[in-house]
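# Tertiary structure, described
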Amino acid sequence: MLQIEDMSMDEMRALLERIGFGHLGCAREGRPYVVPINYSYDPQNIYIFTTQGTKTDFIDANPTVCLQVEEITDPLHWQSVMVTGKAEMVTSPAEMESAMQLITLSNPTLTPAINATRIDVWGRASNVRIYRIHPEIIDGRKTL
C-alpha cells in the first residue's frame, strides 16, 4: 500500500527552490483555469514572468492563485507542494530588476513566455508582466 505523509516546511521550500516549473491555477467568474508555468522562488515570494493573455486576464480579475509543483520519480515515489496566495503585478523598477535576476537564474531563455513577446515601435517588449505571489498557505505531501 502506498504511504503518504505531510512534508516539512524545509522539504517544501527545497522542492520549490529546486523545480522551477509548475501549474498555476486561477479562477474568474466561477471558471477555473490552470496553465503550466515557469517560476522562481526566494524565501518570501514566487515570481512569474509571462506575457499578457488569458492568465493575466484571470489574475487581474481575481488575484488569488494556486501554484502546484511536483517531483515524480515514478508512481510510487513523488512529492507535491501547493502554494496559495495573491498575485501582484511587479511595477517598481528596482523590484522588476531583482525579480528578473532571480527569474533568469532558473529560466535563462525565458521560454515559453519570450516566444510570445511583442515588440513596440522602439524595440521594447510591450506585453510582458512579472507577478509576485506571496505565499499565504504552503502545503505538501510525499510518498514514503
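Refer to the preceding data block for the structure.
Overview of the structure. Because the structure is predicted, anything quoted here is derived from the model rather than measured.

## A word on the nonpolar core
Core analysis: the largest hydrophobic core is formed by 23 residues, its most contacted members being Leu 24, Tyr 39, Ile 59, Leu 67 and Val 81. Contributions of two or more residues to this core are made by α1 (9-19), β2 (21-28), β3 (31-38), β5 (46-51), α2 (54-61), β6 (64-74), β7 (77-89) and β8 (128-143). If near-sequence neighbours (up to four positions away) are discounted, Tyr 39 is found in contact with Leu 15, Leu 16, Ile 19, Gly 20, Phe 21, Gly 22, Ile 46, Tyr 47, Ile 48, Leu 67, Val 69 and Ser 106. In this structure, Tyr 47, Val 90, Ala 99 and Ile 130 belong to the second largest nonpolar core, which totals 6 residues.

## Structural notes on a nonpolar patch on the surface
The grouping of Leu 2, Ile 4 and Leu 76 at the surface amounts to a nonpolar patch, some 270 Å² of accessible area in total. By the element assignment, Leu 2 lies in the segment before β1 (4-6).

## Overview of helix α3 (residues 93-106)
The end-to-end C-alpha distance of α3 is 20 Å, a good match for the 20 Å that 14 residues give at a rise of 1.5 Å each. Along α3, the residues classified as buried are Glu 95, Ala 99 and Ile 103. With its buried residues spanning 65° around the axis, α3 presents them on a single face. Every exposed residue of α3 that faces more than 90 degrees away from the buried side is listed here: Pro 93, Ala 94 and Leu 105. Packing partners of the buried residues in α3 comprise β4 (40-41), β5 and β8.

## A closer look at α2
Of the positions making up α2, those classed as buried are Lys 55, Thr 56, Phe 58 and Ile 59. Each buried residue of α2 lies within a common arc of 160° when the element is viewed along its axis, so the set occupies one face. As for α2, its buried residues are in contact with β2, β3, β5, β6, β7 and β8.

## Describing the pattern of salt bridges
Tallied over the full model, the rule gives 8 salt bridges. Close ionic contact of Glu 95 with Arg 132 constitutes a salt bridge, the shortest N to O distance being 2.6 Å. Here the residue Glu 95 occupies a position in helix α3, and Arg 132 occupies one in strand β8, the gap between them amounting to 37 residues. Among the residues examined, Arg 132 registers a relative accessible area of 15% and is labelled buried. Among the charged side chains, a network of salt bridges with common partners joins Glu 5, Glu 11 and Lys 142.

## Here we look at the pairing of β3
Sheet topology note: the β2/β3 ladder contains 8 bridges and is antiparallel. Within the sheet, the bridge partner assigned to Ala 27 lies in β3 and is Pro 32. Where β2 folds back onto β3 in an antiparallel hairpin, the turn is made up of 2 residues, including Glu 29, whose phi is positive at roughly 50°.

About the criteria used
Residues numbered from 1 in each chain as written. Predicted model: local features only at pLDDT ≥ 70, side-chain atom pairs only at ≥ 80, totals over all residues. Heavy atoms only, no water. Core = buried A, V, L, I, M, F, W, Y, C linked by side-chain atoms within 4.5 Å. Buried < 20%, exposed > 50% of the residue type's maximum accessible area, 1.4 Å probe, protein only. Helix = DSSP H or I, 4+ residues; strand = E, 2+ residues; numbered from the N terminus. Contact = heavy atoms within 4.5 Å. Patch = residues over 30% accessible without salt bridge, like charges linked within 9 Å, V, L, I, M, F, W, Y side chains within 5 Å. Areas by Shrake-Rupley, 256 points an atom, 1.4 Å probe, with all protein chains shown as cover. Salt bridge = Lys/Arg side-chain N within 4 Å of Asp/Glu carboxyl O. Expected span 1.5 Å × (residues − 1). Arc of directions from axis to C-beta. Pairing = 2+ DSSP bridges.

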